[in-house]
Amino acid sequence: MLLSATDEDGESMSAELVRDELMTFLFAGHETTATALTFTWLLLSQHPEVERTLVAELEEVLDGEPPSFADLPDLEYTEQVLREAMRLYPPVPQIPRDTTEPVELGGYGIPEGATVAACQWTVHRDGSLWSYPHEFRPERFEHDDRPRFAYFPFGGGPRRCIGEQFAMVEGKLILATLARRYHLELVSDPDVDLSVSITTRPLDPIEARVEPRTASQ
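Since the model is a prediction, treat every value here as computed from it, not as a measurement.

This next bit is on helix 3 (residues 76-88). With 13 residues, helix 3 ought to run about 18 Å at 1.5 Å a step, and its terminal C-alpha atoms sit 19 Å apart, in line with that. A large share of helix 3 lies buried, amounting to 11 of its 13 residues. Among the residues of helix 3, those classed as buried are Y77, T78, Q80, V81, L82, R83, E84, A85, M86, R87 and L88. Against the buried residues of helix 3 lie helix 1 (15-46), helix 2 (48-62), helix 4 (120-123) and helix 5 (164-179).

The next subject is helix 2. In this model helix 2 runs 21 Å from its N-terminal to its C-terminal C-alpha over 15 residues, within 8% of the 21 Å that 1.5 Å per residue would give. Within the sequence span of helix 2, burial applies to V50, E51, L54, V55, E57, L58 and L62. Across the axial projection of helix 2, the buried residues extend over an arc of 155°, all falling on one side. More than 90 degrees from the buried face of helix 2, the exposed residues found are E59 and E60. Looking at the packing, one finds that the buried side of helix 2 touches helix 1, helix 3, helix 5 and strand 5 (182-186). The first or second residue beyond helix 2 is D63, which carries a positive phi of 50°.

Criteria and thresholds
Residues numbered from 1 in each chain as written. Predicted model: local features only at pLDDT ≥ 70, side-chain atom pairs only at ≥ 80, totals over all residues. Heavy atoms only, no water. Helix = DSSP H or I, 4+ residues; strand = E, 2+ residues; numbered from the N terminus. Expected span 1.5 Å × (residues − 1). Buried < 20%, exposed > 50% of the residue type's maximum accessible area, 1.4 Å probe, protein only. Contact = heavy atoms within 4.5 Å. Arc of directions from axis to C-beta.

What follows is the structure, given as structure tokens:
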């Protein structure tokens, strides 16, 4: 589709632009979801009470069957777990935007053509917006009455991530599929050093032992 696409003047994409678009697909559609799930499992391994609540929901909703798209509306706590993990470890920690005209923000004058980064990492951990901001508490998303941009892992406005709904469906299905059958026991250092650039990623591998789930887990 990219190779055959043309603009309003009938011009096709250059090889460089096609490459850039494909890199965007790879980065935005694969690495970010994998990163979100990586940090979700890291947090679950450190919070067994959250994992127990998650598994209890899966047992009640799925009744021993693999999750399907039709089950997703009923997997409310599963979604809360995923959203809370993305609050603490947003896959994209900041989103740059260029100003098209001069603007004043919080008493600071910003000229036209300046690059301004909206930083999810900072806003998602702001104590004025979140109670116990550094703690993993998925239930905080049961009733979310915070300001619109207190939480924006997928950005916002006209350039909000076009894949948001797909990513949430994908993430919930993968989390539910694995969590109903397996318990992941963290074996690497729980204190993770991060590389924060375009995406949030661990500097060293996060390693876990995969164990078939038992009634006590």
